[in-house]
There are 4 protein chains.
Amino acid sequence: MSAGEEFFAGIPRIPYFPSAGPGVVLCFKQYNAEEVLMGRTMEDWLRFSVCYWHSFCGTGADPFGFQTLHRPWSEGTPMEAAKRRLIAAFEFFTKLGVKYYTFHDRDMAPEGSSLQESNRNLDEITDMALQLQNQTGVKVLWVTCNLFAHLRYMNGAATNPDCHVLAYAGAQVKKGLDIAKKLGAENFVFWGGREGFHSIHNTVVAAELKHMANFFKMAVRYKEHIGLKCQFLIEPKPKEPCKHQYDYDAMSVIGFLKHYGLESHFKLNIEPNHTTLAGHSYEHDVVMASAFGMLGSVDANTGSPDLGWDTDQFPMDIRNTTLVMKTIIEQGGLQPGGLNFDAKVRRESTDLEDLFIAHIGAMDTFARGLRNAVRIIEDGIITGMVKERYSSFSQGLGQKVEDGSATLEEMEAFIKQNGEPRVTSGKQEKYESIFNHYI
Amino acid sequence: MSAGEEFFAGIPRIPYFPSAGPGVVLCFKQYNAEEVLMGRTMEDWLRFSVCYWHSFCGTGADPFGFQTLHRPWSEGTPMEAAKRRLIAAFEFFTKLGVKYYTFHDRDMAPEGSSLQESNRNLDEITDMALQLQNQTGVKVLWVTCNLFAHLRYMNGAATNPDCHVLAYAGAQVKKGLDIAKKLGAENFVFWGGREGFHSIHNTVVAAELKHMANFFKMAVRYKEHIGLKCQFLIEPKPKEPCKHQYDYDAMSVIGFLKHYGLESHFKLNIEPNHTTLAGHSYEHDVVMASAFGMLGSVDANTGSPDLGWDTDQFPMDIRNTTLVMKTIIEQGGLQPGGLNFDAKVRRESTDLEDLFIAHIGAMDTFARGLRNAVRIIEDGIITGMVKERYSSFSQGLGQKVEDGSATLEEMEAFIKQNGEPRVTSGKQEKYESIFNHYI
Amino acid sequence: MSAGEEFFAGIPRIPYFPSAGPGVVLCFKQYNAEEVLMGRTMEDWLRFSVCYWHSFCGTGADPFGFQTLHRPWSEGTPMEAAKRRLIAAFEFFTKLGVKYYTFHDRDMAPEGSSLQESNRNLDEITDMALQLQNQTGVKVLWVTCNLFAHLRYMNGAATNPDCHVLAYAGAQVKKGLDIAKKLGAENFVFWGGREGFHSIHNTVVAAELKHMANFFKMAVRYKEHIGLKCQFLIEPKPKEPCKHQYDYDAMSVIGFLKHYGLESHFKLNIEPNHTTLAGHSYEHDVVMASAFGMLGSVDANTGSPDLGWDTDQFPMDIRNTTLVMKTIIEQGGLQPGGLNFDAKVRRESTDLEDLFIAHIGAMDTFARGLRNAVRIIEDGIITGMVKERYSSFSQGLGQKVEDGSATLEEMEAFIKQNGEPRVTSGKQEKYESIFNHYI
Amino acid sequence: MSAGEEFFAGIPRIPYFPSAGPGVVLCFKQYNAEEVLMGRTMEDWLRFSVCYWHSFCGTGADPFGFQTLHRPWSEGTPMEAAKRRLIAAFEFFTKLGVKYYTFHDRDMAPEGSSLQESNRNLDEITDMALQLQNQTGVKVLWVTCNLFAHLRYMNGAATNPDCHVLAYAGAQVKKGLDIAKKLGAENFVFWGGREGFHSIHNTVVAAELKHMANFFKMAVRYKEHIGLKCQFLIEPKPKEPCKHQYDYDAMSVIGFLKHYGLESHFKLNIEPNHTTLAGHSYEHDVVMASAFGMLGSVDANTGSPDLGWDTDQFPMDIRNTTLVMKTIIEQGGLQPGGLNFDAKVRRESTDLEDLFIAHIGAMDTFARGLRNAVRIIEDGIITGMVKERYSSFSQGLGQKVEDGSATLEEMEAFIKQNGEPRVTSGKQEKYESIFNHYI
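The name an unreviewed UniProt entry assigns to chain A is Xylose isomerase, from the organism Pleuronectes platessa. The heading Catalytic activity (unreviewed entry) in the UniProt record of chain A holds the text "alpha-D-xylose = alpha-D-xylulofuranose". Of chain A, the UniProt comment under Sequence similarities (unreviewed entry) reads exactly: "Belongs to the xylose isomerase family."

So, in structure tokens, the structure goes:
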């Protein structure tokens, strides 16, 4: 660890400077970590996390173009680069003032020529990571295993038609869980990018789903065996790289988990860019997962509604972050999950400072969303209108519907007695106008 | 019943005439009801059904245009028209040679000024329907209640924020179940067109979902109470008329049913045009529902992939019908469900004969799909390739994964011993070429 | 004209009350008509217009539901209702403080049983409209002919395969132009909702396009003949009601106009909900039309990015309105066009006041967008960054590219001398962060 | 050139074997090169071409996964690999029996460390290509320059905000045109993958469009200067890699060309996968380009309607190929353009034989489409129905509309005399049923 090396020279610890002008972008204007809102600090509500893959491993290559991002920490042999990358990352975390990070096993340490070598690489680098965590207080929000990039996973990992590949994925997850324990990760994520299909002609869906369920059960048993306390999370995505992925969206995963009796062992890590790819509105899966008690964490990013692939942009829309934060506050926070920036600077954003500007812009956008949501909830105007709207369910027949004791016969009797219901405006535009007041 | 009136004069019972030329469209060239394939008649495999709403109530109005379809059976008072419509419908069923039909309560008899009057209207018309069923042997594939068109349902039926409206829906479903029993319906469908929301601002998702679940539980109890034997079906649709509907797609409904312990009482009625609106491929929800043992019936129609609303076109793509029929054969058929043409002639198809031409074209397309699927299955070439592809799960470690007894420790040991798996081509283009051979 | 009748009793002239609280929705908090920004009043920059069809003719019916909006002005015979509707509309315009309105011929006066009767109806009602215009100072932003709702237009108007229908459309447009002149309309719009196709099988695209072009040429000649001075506008829409419409988006219309030599006679009326249906971002067609010097007017509304049909919602997103207003300011304003609210209250928004709330909310959203855009332009930070970005084109080789005199040989020589260009960050996240500062 | 080396050992010249069974995939069952249909050989109608980039340079890497396709010809230094690749390619062309190929400059020869070195590489490899062309009779359908993959083009080539980059693109195109002349290419393609934007905030659309137009003008002048006779083609694509590309779809390009007076120098190369990404149906841009006399060539591939990115799959849908071939026949063929397979084997299709299977499957799909289209046209049933549908334009008022001499006054007089037009069914389902007869 070359203690003296600085990768982001000239960039200080990012300050909170609310009155800075429009052109000043290397300070927070909204995010004030220690400020208390509704009894909790902004840091606690937001639990920001930086992701390792996009921010420290990203090259800027896309399907039509070569590398554009040439990072100073990527020099040397793979293991040398891994170490320099780690130092750069912790410099970034601490200068940005973020307390969590996330990574895939293969982001942090290079894959070797055998499982054993890969594991040794991982051991060496995570020893160093642990030391840096202890020095800085930065913690792991979650770990995940990369079960999609290597050639061997091209036809799937847990759903591969060849059990040999499934075994490889299992061996890799075993090591991932060991690492999670070692580094004190608060969550462990499964993202099934190759768990799905490209062609229905060569695929037996029912068999693959069963294999995936049994794979998850093995992971649950091993987690319990080693006494790992973290939360398991599944991250839905509808498609890309597969034509169809089984973890399509929040409801697909909930259905799957409940079908296989796995629902008490997993929650969801919702990525809004995946939600919009599934044809839903930005906040939809956050809201649905929360309604089912299954919202565990959020991959804070965005796509463009007019694009059909995962662009993993930094979230910059205040309307979206307000809706997400309102849902999070209403469920009492995200802990042990957090807001992980699964976002990458554009491949054209080639300056090192762009990495800071992007994170700061997104953190401020979420901080502003938090401030808005707090004002909405504390004012109580919208909440009051909604409460009044559903008030018929707190008494009489409504209460019986609520507690499940009503019958169709009672419904019919009620209508024969009371006739046609009153027409009540939904007042959508009024809600929208009031919401606009806060943003 | 004016026995002598004929609405489709000049159109005979549609014959099977396989060698007819391209311009001859009032005969079947593929559908031969009594022909036996894989031990069952085509009629039994396909279980075609005509829908009442599009074919006998449709006006051709669209959001930008007025009525284009002026039907001879729609004259007179609402009740007179209802009776003429019923006679026209049975003339159509029998000339077309289809044994099933489907309807909403309000298609068949007009809504009155009170629940009681609506119910009396329904009693009177269904008496007549029962008589026609007995005369012709045509049966009810399924009944459903229209809980979306009336003003009272604008904010939802089972998920309305006003319990008074929910009660009205309950009363209507009670009558619908009585009618289902009276007419010997083989299924009963719930389509929640207004069960969802337009604005998240005024909506409490968790409360609405619970109300919907309790509503379904009341229906199950009443069904059991009256000894109604039919299958309950939920029909998913992602959106339209709502911005978001809770019964989004197959997996959403499966998740909902399992969450509320309703899965043993319901199966799914899959409409491919709804599937494609949800962003899936045509056959997707048929395949997924079948994989979960939940495929109950199919609303045989199609949309255009480039359009974002429900066009309910007659299914004319042989590739699609081949994939659907292959899935149906593999699960042993659809009974007591069927293939219901939830499809409408275009509003520009104003000739009465177009109603026949459209149904015949679609029936031939499904018959051709059935013939193709049977050849694919009987030849066994694709099936054999698929079986070989998954063969590693029938022994050793694969078998332990299959039966759920494998562990991550065994996975790791296996890889330490056996190393990297072999690369195996997915052969998608080969499957596609062979599939093309059959269509 | 029953002078004493008031339709919106209890609603006063909407005041500007910038400090009103979140729950107060019957006042403007952003729109201050007389306030001057960049040398022009807000009223002049925004040129708001109310549309007749949604706001005064809308019933709330949708493809799955009946009428929900029962308006007090819709009573009586069609001609009586037309008169009451007109009085209600002018009460609305004046209370809202909007100076323009727009209408289709058939919105304002009912279609008769012959062209002659329809024309007489139109004469009678527009006489009354002219009187109300003179009394109130409210003017016509644009007129258009409804060439899509009547049965006769089901297969198209100017592109109908039957010339008899095209003739009817021509006769109707002739009258529409006469009415435009009589009422002093500042623009005349063509929206080709049925100019396209549902099935490529029965369509000759080249013939239909030529007929449409010749139809437009007739309109141009007649306009010149009667000395009508207004701007002609074409409104693009990609689909709905047709599967494909020829006026797909801004570039399609520009291509069409240039191909047929019509570009000097027409500009575009851009509706952002149509733009997003075409797969573009909200502001895209406004920006493109402006870049080609063809932006004539804007139908100010919005859709939901997750829906595939035209929802015509009131625009409530400040980000969108800021981008649109920035483009409008940069081209020097929209006159003689304007911002017409081609938007409808949701069918669930059944209170009369919802009509005011919706318009006020949207006007405030555009006013806020205008204020933001003015600050962006006046601060000059973004403008300066952009100017710097393109600075290489103001001298040397760049200037030769700019003026069209450069050659490939010079390009090669330049590279042989200067080698590889410098890598320059696009700084997207920096732009986004600065933009967020203003909204 | 190691004459003895064979890359596709064991695969013979692909024979035409129409009666082969479903499992036999290394023969043509539909494509019979010399067979004459409508006075022309199948080879002449179809003008198949193999693309170099996907089939010989593709690695199988995707945004989530590493290389899967390890080709025997990719060994050695870049220049050695380039030579082996060329030999492999010509072995493939001749065994497959395809007479054309297409390539980007950088596919064929590696980019050097300077323009001069890149040009020398290109000279050396194209010398060898010319020799192989002469030996085999295989020809170049089109050449194009890769102006998108190199880091320097990340912000665009002809639309780059830095004129230095535009100059580099110009130098590269100059060389590309020289190569086109040397190899006798029949067309030259421009695909503007980076000509567009990611963020409207940092982009001046009008300036970029003008630069692009001036860039094209330079190419036209240089082409004329060197006496190059080939057809220039622009290939539209709506997005990917950019958020928005200026060459969005056929109509966008037509509008652009006409605006800048370039329409006589360019035609379009339509790629159906790009068409569907633009929200159109598969055949749409082929039909539109042809209607405007601008269809020059087709990149024969397909996407999946449920995916939002360019999958470049081999076209396997007979319905689609029938519609495309019908349009091509109706315009008298594609020459000097052709059907270029801009398609790649799936990254999971790792066997070398998959490259043959995929091309054969697609060629048979197009051959079947050709056979279907010929039968449709020769039978004349659909054509006759269409002709009858538009017959009103061949006389009287219709003829005046057709020739542009009609007036609105005549239209009105005609309607006053003749009244309401007759309602005529569009008969969409009848057309669809008849079309199905042929496929």
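Asker: For this particular structure, what's the right way to read the sheet that holds strand 3 (residues 48-51) of chain A?
Answerer: Backbone-to-backbone hydrogen bonds join strands into a sheet, with any given pair of strands oriented parallel or antiparallel. Residue and element names in this part refer to chain A. The strand order around the closed barrel built from eight strands is 3-4-5-6-8-10-11-12, with neighbouring strands paired in parallel fashion. When strand polarity is set aside, the average angle formed by the axes of neighbouring strands in this sheet is 30 degrees. Relative to strand 11 (residues 295-299), strand 10 (residues 266-270) runs parallel, the two being bridged by three bridges. What sits directly across from Ile270, in strand 11, is Val298. Sheet strands touched by helix 6 (residues 163-183): strand 4 (100-104), strand 5 (139-144), strand 6 (187-191) and strand 8 (231-235). Its angle to strand 6, the strand with the most contacts, is close to 155 degrees.

Asker: Where do I start with the interface of chain D and chain A in this structure?
Answerer: Interfaces are often sized by the amount of accessible area the parts lose when they come together. At the junction of the two partners, chain D supplies 32 residues and chain A supplies 32 residues. Both faces considered, chain D and chain A share a buried interface measuring about 2,800 Å² in area, 60% of it formed by carbon and sulfur atoms. Three residues, Phe64, Trp309 and Glu348 of chain D, lead the burial of chain D against chain A; their summed loss comes to 25% of the area buried on that side. Of the charged contacts in the structure, one is a salt bridge between Asp62 of chain A and Arg194 of chain D, with a shortest N-O distance of 2.9 Å. Put simply, chain D and chain A have 14 residue pairs in polar contact (both at pLDDT 80 or more) between them.

Asker: Help me out: how do you make sense of the pairing of strand 8 of chain A in this one?
Answerer: In the case of a regular strand, side chains alternate between the two sheet surfaces. All names here are of chain A. For strand 8, the tally of buried residues reaches four of five residues, placing the bulk of the element in the interior. Relative to strand 8, strand 6 runs parallel, the two sharing five bridges. Residue pairing across strands places Phe188 opposite Phe232, the latter belonging to strand 8. Taken together, the three bridges between strand 8 and strand 10 define a ladder with parallel strand orientation. When the sheet's bridge partners are listed, Phe232 is paired in strand 10 with Phe266.

Asker: Looking at this structure, I do not really get the pattern of salt bridges. What am I missing?
Answerer: A side chain with one charge may pair with a side chain of the opposite charge, provided their charged atoms come close. Under the defined criterion, the tally for this structure stands at 116 salt bridges over all chains. The salt bridge partner of Asp317 of chain B is Arg319 of chain D, with a shortest N-O separation of 3.3 Å. With one member in each of two chains, Asp317 of chain B in the loop between strand 11 (295-299) and helix 11 (318-330) and Arg319 of chain D in helix 11 (residues 318-330) form a pair that bridges those chains. Each member of the pair, Asp317 of chain B as well as Arg319 of chain D, carries the same accessibility label: buried. Residues joined by salt bridges that share partners form a network here, namely Asp105, Arg106, Glu111 and Arg152 of chain A together with Glu420 of chain B.

Asker: Honestly, the sheet that holds strand 6 (residues 187-191) of chain C in this entry has me stumped. Any pointers?
Answerer: All names here are of chain C. Taken together, the eight strands give a closed barrel; going around it, the order is 3-4-5-6-8-10-11-12, and neighbouring strands pair in parallel fashion. Neighbour-to-neighbour, the strand axes of this sheet turn through a mean angle of 30 degrees, independent of strand direction. Set on the sheet, helix 6 (residues 163-183) makes contact with strand 4 (100-104), strand 5 (139-144), strand 6 and strand 8 (231-235); between it and strand 6 the angle comes to about 155 degrees.

Asker: Honestly, the environment of Leu69 of chain A in this entry has me stumped. Any pointers?
Answerer: Residue and element names in this part refer to chain A. Along the chain, the position of Leu69 falls in the loop between helix 2 (52-57) and helix 3 (78-96). A relative accessible area of 5% means that Leu69 is categorised as buried. Once the C-alpha coordinates of Leu69 and His54 are considered, the two residues, 15 residues apart in sequence, prove to be 11 Å apart. The contact partners of Leu69, leaving out residues within four places of it in the chain, are Gly58, Thr59, Gly60, Val345, Arg347, Ser349 and Thr350.

Asker: Teacher, can you tell me more about the packing of helix 14 (residues 396-403) of chain C against helix 7 (residues 205-226) of chain D here?
Answerer: The geometry of helix 14 of chain C relative to helix 7 of chain D is characterised by a closest axis approach of 8 Å and an angle of 85 degrees between their N-to-C directions. When the axis of helix 14 of chain C is compared with that of helix 7 of chain D, the two are roughly perpendicular. Packed against helix 14 of chain C, whose contacting residues are Val401, Glu402 and Asp403 of chain C, the element helix 7 of chain D presents Lys210, His211, Asn214 and Met218 of chain D at the interface. Taken together, the residues that form the contact of helix 14 of chain C with helix 7 of chain D break down as two nonpolar, two polar and three charged.

Asker: How should I be thinking about the relation of the copies chain B and chain A in this particular structure?
Answerer: After a rotation of 180 degrees and a shift along the axis of 0.0 Å, chain B superposes on chain A with an RMSD of 0.0 Å. On the angle and the small slide along the axis, the relation comes out as a two-fold axis. Closest approach to the rotation axis among the C-alpha atoms of chain B is made by Gly255 of chain B, whose C-alpha sits 1.7 Å away. Both copies share a contact surface, since 100% of the interface residues of chain B are interface residues in chain A too.

Asker: When you look at the packing of helix 5 (residues 115-136) of chain C against helix 6 of chain C in this model, what are you seeing that I'm missing?
Answerer: How two helices pack is summed up by the angle between their axes together with the distance between the axes. Residues and elements named next belong to chain C. At their nearest, the axes of helix 5 and helix 6 sit 10 Å apart, and the two run at 20 degrees to each other. It follows that helix 5 is roughly parallel to helix 6 by the angle criterion. Note that helix 5 runs across helix 6; the crossing there is right-handed. Each of Leu115, Asn119, Leu122, Asp123, Thr126, Asp127, Leu130 and Gln133 in helix 5 lies in contact with helix 6, whose residues at this interface are Tyr168, Ala171, Lys175, Ile179, Lys182 and Leu183. Taken together, the residues of the contact of helix 5 with helix 6 sort by class into seven nonpolar, three polar and four charged.

Asker: Just to check I follow, could you spell out the relation of the copies chain D and chain A for this structure?
Answerer: Both copies of the chain are related through a single rotation about an axis accompanied by a shift along the same axis. The operation relating chain D to chain A is a screw motion whose rotation component is 180 degrees, with 0.0 Å of axial translation and a residual RMSD of 0.0 Å. Both copies share a contact surface, since 100% of the interface residues of chain D are interface residues in chain A too.

Asker: Sorry, what's going on with the environment of Gly369 of chain C here?
Answerer: All names here are of chain C. Examined against the element boundaries, Gly369 turns out to sit in helix 12 (residues 352-379). For Gly369, a relative accessible area of 0% translates into the label buried. In sequence terms Gly369 and Val324 are 45 residues apart; their C-alpha atoms lie 7.9 Å from each other. Setting aside anything within four residues of it in sequence, one finds Gly369 in contact with Thr321, Thr322 and Met325.

Asker: What should I look at first to understand the interface of chain B and chain A in this one?
Answerer: With 97 residues of chain B in contact, the opposing surface of chain A contributes 97 residues. The largest per-residue losses of area from chain B upon contact with chain A belong to His201, Asn202 and Leu408 of chain B, which jointly make up 9% of the total buried on that side. Note that Lys174 of chain B is salt-bridged to Glu412 of chain A, the shortest N-O span being 2.9 Å. Linking chain B with chain A are 40 residue pairs in polar contact (both at pLDDT 80 or more), by the criterion used here.

Asker: Honestly, unusual backbone geometry in this entry has me stumped. Any pointers?
Answerer: Residues and elements named next belong to chain A. Between Glu240 and Pro241 the backbone carries a cis peptide bond, its omega angle lying at 10 degrees. Relative to the assigned elements, Pro241 resides in the loop between strand 8 and strand 9 (244-245). Positioned with a positive phi, Glu240 is a non-glycine residue whose angle comes to about 75 degrees. The topology assignment puts Glu240 in the loop between strand 8 and strand 9. Judged by its relative accessible area of 6%, Glu240 falls in the buried class.

Asker: Any chance you could explain the packing of aromatic side chains here in plain terms?
Answerer: In this description, an aromatic ring pair is defined by two values, namely the gap between the centres and the angle between the planes. Scanning the model with the defined rule gives 124 aromatic pairs over all chains in all. On the numbers, 5.7 Å between centres and 50 degrees between planes, the contact of Phe8 of chain B with Trp73 of chain B is tilted. Of the two residues, Phe8 of chain B sits in the segment before strand 1 (36-37) while Trp73 of chain B sits in the loop between helix 2 (52-57) and helix 3 (78-96), which places them 65 residues apart along the sequence. Relative accessible area serves as the criterion here: at 1%, Phe8 of chain B is assigned to the buried category. Geometrically, the ring pair formed by Phe216 of chain D and Phe256 of chain D is edge-to-face, given 6.0 Å between the ring centres and 75 degrees between the ring planes. Separated by 40 residues along the polypeptide, Phe216 of chain D in helix 7 and Phe256 of chain D in helix 8 (residues 250-259) bring together distant segments of the chain. For Phe256 of chain D, a relative accessible area of 2% gives the class buried.

Here is what the cut-offs are and how they apply
Sequence positions are assigned chain by chain, starting from 1 and proceeding in written order. Both sets of labels track the order of writing: A upward for chains, 1 upward for ligands. For a predicted model such as this one, the threshold for reporting local features is a pLDDT of at least 70, and the threshold for listing and counting side-chain atom pairs is 80 or more; totals across whole chains, interfaces and linings nevertheless cover every residue. Just so you know, side-chain values use all the structure's heavy atoms and leave hydrogens and water out. UniProt positions are given in the numbering used here, feature names are shortened, and annotations may be inferred rather than shown by experiment. We treat two strands as partners when DSSP finds at least two bridges between them. Secondary structure counts use DSSP, requiring at least four H or I residues in a row for a helix and at least two E residues in a row for a strand, with both numbered from the N terminus. To obtain an axis, a line is fitted to C-alpha atoms, over the contacting stretch when the element is a helix, and the angle between two such axes runs from 0 to 180 degrees between their N-to-C directions. Contacts between residues were defined by any pair of non-hydrogen atoms, one from each residue, lying within 4.5 Å. Buried area counts how much accessible surface, traced with a 1.4 Å probe, disappears from two parts once they are put together, with both parts' losses summed. Salt bridge, as used here, is a side-chain nitrogen of Lys or Arg placed within 4 Å of a carboxyl oxygen of Asp or Glu. What qualifies as a polar contact is a pair of N or O atoms within 3.5 Å, subject to a donor-acceptor requirement within protein and to the restriction that residues adjacent in sequence count only when both atoms come from side chains. Burial classes: relative accessible area under 20% of the type maximum marks a residue as buried, over 50% as exposed, and values in between as partly exposed (1.4 Å probe, protein chains only). Reported orientations rely on four angle classes, namely roughly parallel under 35 degrees, roughly antiparallel over 145, roughly perpendicular from 65 to 115, and oblique for the rest. All residues other than Ala, Val, Leu, Ile, Met, Phe, Trp, Tyr, Cys, Pro, Asp, Glu, Lys and Arg, Gly among them, are scored as polar; the first ten of these are nonpolar and the last four charged. Least squares is the method for superposing the copies, and the C-alpha atoms it fits come from residues with pLDDT of at least 70 in both. In this scheme the crossing of two helices becomes right-handed for a clockwise turn of the near helix relative to the far one and left-handed for an anticlockwise turn of less than a right angle. Centres within 6.5 Å are what make two rings of Phe, Tyr or Trp a pair, Trp counting through its six-membered ring; a difference in plane orientation under 30 degrees is then read as stacked, over 60 as edge-to-face, and the rest as tilted.

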